[in-house]
Each structure stands twice: as structure tokens, then as C-alpha cells.
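# Analysis of the macromolecular model
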Amino acid sequence: RFGMTPTLLTAIGRDPEGDELVHACSRLGMVTDHIYRSQDLPTDRYMAVEGANGLIAAIADAHSLEAAGEKILRPLMHGPLGYENAPFEGPIALDGNLTLDLLEEIAQSPAFARADLRVAPASPGKAERLLPFLKHARATLYVNLEEAGILCQREFPDSESAAKGLLDRGALRVLVTDGGNSATIGSSTEVLTQTPPAVLVTRVTGAGDTFMAAHIASESRGASSDEALARALHAAATYVSGETPL
């Protein structure tokens, strides 16, 4: 929706659910040619239960993704997207549903040495999987207030203090959100906080993904830190209100 063409690297089964998912992604314009399609592993599932007060519970079954492991990275390590001696140089959005071992491998691999890594934990329960990127030289972390607290092993009152806490722990660059309260982008050169637009919340699942996607797209077009943060917050607010962000 933000004018980019994502290439998907993941594991999807060769079952009817997997076929439906791949076809749906293709119809949206995503590149699905490099997805690892397993004969033995079923397509993973995600289920969220939402109510009037927001997200009640969510279950992410990522067993197949975890079992596939480094197989999903072959196009970036052995071509055609990149090689260890000729690394991919564009933005890569990394999901915390990958295993800690695989994330550690990505953090150290020469195949990712020139990439613009954008890392999100998927959920607070998997926030600690981002530890290999806490002092990474090319990683931007996208976390909420709770996830920032888990990574720093302390509680923060707001996004600004959380961003500063992550920077103190060695993070290169962070974006910390706190629902409708505030969001902060922090680096060694700036700490900038904004408040998202006030909207009626009708859904929450996917809000963080929308925020991250809008921010990456804005920066890829040369937007300043202030502009990119504002656009990402507007897109996320539009999304949770039930509209489609543009």
C-alpha cells in the first residue's frame, strides 16, 4: 500500500492453506518466488482474539518456520538476491518469530553486512530474541514500551525514556511506540517524540506492522526523521480506526 514491492523469505507448506496464502500475497504484488515451500511442514497459523478493549489473546504457531531454519535465507546467501561475498544492500524487515539461533546467525553473517536491517520482535514474549541486534551496527529496532522494558530488564514510564534506555544499552537506532500515548525515534544524534492522532480504535492486530512498513517506505523516499515518524503514526492510526492507510 506504500508503493514498495516486498520480496518474501519464509516457510510455507504445500498444503491448500499454503497455496491460498501464496496466491493472496501474489495478488497483492509481493514477490513470492523465493519462499521455501516444504512438502513435509504444514503452513503455520496465527489466531488473534480481539474485543472492545483491544487484543485479548493471540497465538502464533511458527513451528514450521522455526523448523525450516536457515533454508529460508538461501536466496540471500547463495543467490539470486545476494551472496556472502556480494551482500544484499537494501532494507530487510526481520521478524522475531525466527529462532534465536537463526537471528544470531543473521546478526553475524557476511550476507547481511550491508543490509539496512529493520527488526521487530513479533510479540513481547519474543522480545528477548532481539538481543543479538541490541548492539548491532546496522539494525533499527521497532518495539513497543513493554518490549523495550524486557530488552532493558526494567520498566519505563514512556516511549522517550524507553528509547534512551535502549540507546544506553548500545542500540544503534530505535523506534518505541506506546499505543495512543507517544512514539519516539532515537539514535546517537537525536531523540524525537511525537503523539499519534487520536482515533476510535476498532482493531489492533497489524498496527505495529503497518507502523513499521510506513516508516520504512517513508525513509526509502528520503523523508526526514520527523516526517517519517509522523507518516508512520498517521498510517497506524488510520489502520486501527478501521480505514486503509495510504
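Values in this document were obtained by computation on a predicted structure and should not be read as measured data.

### Observations regarding the packing of aromatic side chains
- The full count for this structure, using the stated rule, is one aromatic pair.
- With a centroid separation of 6.5 Å and an interplanar angle of 75°, the aromatic rings of Tyr142 and Phe211 are classed as edge-to-face. Here Phe211 lies in helix α7 (residues 207–220) and Tyr142 lies in strand β7 (residues 139–144), a separation of 69 residues in the sequence.
- You can call Phe211 buried: its relative accessible area is 6%.
- For Arg203, the ring lying beneath its charged end belongs to Tyr239, and the centroid distance is 3.8 Å.

### Topic: the sheet that holds strand β10 (residues 191–194)
- The strand order β5-β6-β7-β8-β9-β10 describes an open sheet built from six strands, whose pairing is mixed. Here the strands that pair on one side only, and so sit at the sheet edges, are β5 (91–95) and β10. Within this sheet the neighbouring strands show an average axis-to-axis angle of 15°, counted without direction.
- Pairing between β5 and strand β6 (residues 116–120): five bridges, direction parallel. When the sheet's bridge partners are listed, Leu94 is paired in β6 with Val119.
- Lying on the sheet, α7 is in contact with β5, β6, β7, β8 (173–177) and β9 (183–187); it crosses β6 at an angle near 165°.

### Structural notes on the pairing of β7
- When you tally the buried positions in β7, you get five out of six residues, the bulk of the element.
- As judged from the five bridges shared by β7 and β8, these two strands associate in the parallel manner. Considered in β8, the bridge of Asn144 is made with Thr177.

Each value, and the rule that gives it
- Residues numbered from 1 in each chain as written.
- Predicted model: local features only at pLDDT ≥ 70, side-chain atom pairs only at ≥ 80, totals over all residues.
- Heavy atoms only, no water.
- Phe/Tyr/Trp six-rings, centres within 6.5 Å; stacked < 30°, edge-to-face > 60°.
- Helix = DSSP H or I, 4+ residues; strand = E, 2+ residues; numbered from the N terminus.
- Buried < 20%, exposed > 50% of the residue type's maximum accessible area, 1.4 Å probe, protein only.
- Lys NZ or Arg CZ within 6 Å of the ring centre and 35° of its normal.
- Pairing = 2+ DSSP bridges.
- Axes fitted to C-alpha atoms, helices over the stretch in contact; angles between N-to-C directions.
- Contact = heavy atoms within 4.5 Å.

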